[in-house]
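# Observations on the three-dimensional arrangement
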Amino acid sequence: MKRTLIVVDMQNDFITGSLGTEEAQGIVENVKRKIAQFKENGDEIIFTRDTHGENYLSTPEGKKLPVVHCVKGTSGWEIADGIYESGCEIIDKPSFGYTGWSRFDFEKIELCGLCTDICVVSNALILKAFFPEAEISVDPSCCAGVTPKSHNAALETMKMCQIEIK
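My aim in this report is to walk through the structure given alongside it, one point at a time. (Residues numbered from 1 in each chain as written. Predicted model: local features only at pLDDT ≥ 70, side-chain atom pairs only at ≥ 80, totals over all residues. Heavy atoms only, no water.)

### Comments concerning helix α4 (residues 116-130)
The first and last C-alpha atoms of α4 sit 20 Å apart over 15 residues, in line with the 21 Å expected at 1.5 Å per residue. For α4, the set of buried residues is T116, D117, C119, V120, V121, S122, N123, A124, L127 and K128. The inward-facing, buried residues of α4 abut β1 (3-8), β3 (89-93), β4 (108-114), β5 (135-144) and α5 (148-160). (Helix = DSSP H or I, 4+ residues; strand = E, 2+ residues; numbered from the N terminus. Expected span 1.5 Å × (residues − 1). Buried < 20%, exposed > 50% of the residue type's maximum accessible area, 1.4 Å probe, protein only. Contact = heavy atoms within 4.5 Å.)

Okay, here's the thing in structure tokens:
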């Protein structure tokens, strides 16, 4: 069965930048190990990158979260050092969840990354809608939320939607 790891938004701004947290910093080594396991097995790895423009603060999202982050071309937008594996696809997504997943052929999907309670849960639920027969899982040791409480709430939400929490 074809396995795919989707690494969600492991970008500088979410780890050490404008929206960084200790929890996000705390999962970096786990995420690196997870990526190495998938690479060693020859599995597919896809990275997403939260991508905003210079006008972020005037967007609907920017008006509700007025913290400039992940502006295309800045260091905060880049995937953190040591995480990206060359040859893997990067998807720049302008919103929480990517809606172009239907162009892929997934059977078994695992998600990890940031933030559990925003982009990870959004993508997990979108993937569940596009691929209802696929096995979808999330490794909580490779995810961090805005807060530990919201991280746990997102995990519970995904579990209720038949996404396996490892």
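### Here's the deal with α5
Between the first and last C-alpha of α5 there are 19 Å, a value that for 13 residues agrees with the 18 Å anticipated at 1.5 Å per step. Within α5 the residues assigned to the buried category are S150, H151, A154, L155 and M158. Relative to the axis of α5, the buried residues are bounded by an arc of 145° and lie together on one face. Exposed residues on α5 whose side chains face more than 90 degrees from its buried face are K149, K159 and M160. Each element contacted by the buried residues of α5 is listed here: α4, β5 and β6 (164-165). Two residues or fewer after α5 comes Q162, characterised by a positive phi angle close to 65°. (Arc of directions from axis to C-beta.)

### Observations concerning the packing of aromatic side chains
Taken as a whole and judged by the stated rule, the model has 7 aromatic pairs. Between the aromatic rings of F47 and Y84, the centroid separation amounts to 5.1 Å while the plane-to-plane angle is 55°, which identifies the pairing as tilted. In this pair, F47 sits in strand β2 (residues 44-50) while Y84 sits in the loop between α3 (60-64) and β3, placing the two residues 37 residues apart along the sequence. With relative accessibility at 1%, the residue F47 sits in the buried group. Given a relative accessible area of 33%, Y84 falls into the partly exposed group. Here the aromatic cluster, defined as three or more aromatic residues joined through ring pairs, consists of Y98, W101, F104, F106, F130 and F131. Its guanidinium or amino end placed over the ring of F38, R3 lies 4.0 Å from that ring's centre, counting from NZ or CZ. (Phe/Tyr/Trp six-rings, centres within 6.5 Å; stacked < 30°, edge-to-face > 60°. Lys NZ or Arg CZ within 6 Å of the ring centre and 35° of its normal.)

### Things to note about the state of the cysteines
Under the counting rule described, the total for this entry stands at 0 disulfides. Distance from the sulfur of C142, which forms no disulfide, to the nearest cysteine sulfur (C112) is 5.4 Å. (Disulfide = S-S within 2.5 Å.)

### Concerning the sheet that holds β2
Strand order in the open sheet formed by 6 strands is β3-β2-β1-β4-β5-β6, and the pairing between neighbours is parallel. Two strands bound the open sheet, and with one partner strand each, they are β3 and β6. Inspection of the sheet shows β5 paired to β6 by 2 bridges, in the parallel sense. Paired with V138 across the two strands is I165, which belongs to β6. (Pairing = 2+ DSSP bridges.)

### Here we look at the pattern of salt bridges
Counted by the stated rule, this structure contains 12 salt bridges. A salt bridge links R3 to D43, with the shortest nitrogen-to-oxygen separation between them at 2.9 Å. One end of the pair, R3, is in strand β1; the other, D43, is in the loop between α2 (22-40) and β2, with 40 residues separating them in the sequence. Judged by its relative accessible area of 23%, R3 is partly exposed. Classification of D43 as buried rests on a relative accessible area of 18%. D50 is paired through a salt bridge with K93; the nearest N and O atoms lie 3.9 Å apart. With D50 in strand β2 and K93 in strand β3, this pair connects stretches of sequence that are 43 residues apart. No difference in accessibility class separates D50 from K93, as the two residues are buried. (Salt bridge = Lys/Arg side-chain N within 4 Å of Asp/Glu carboxyl O.)

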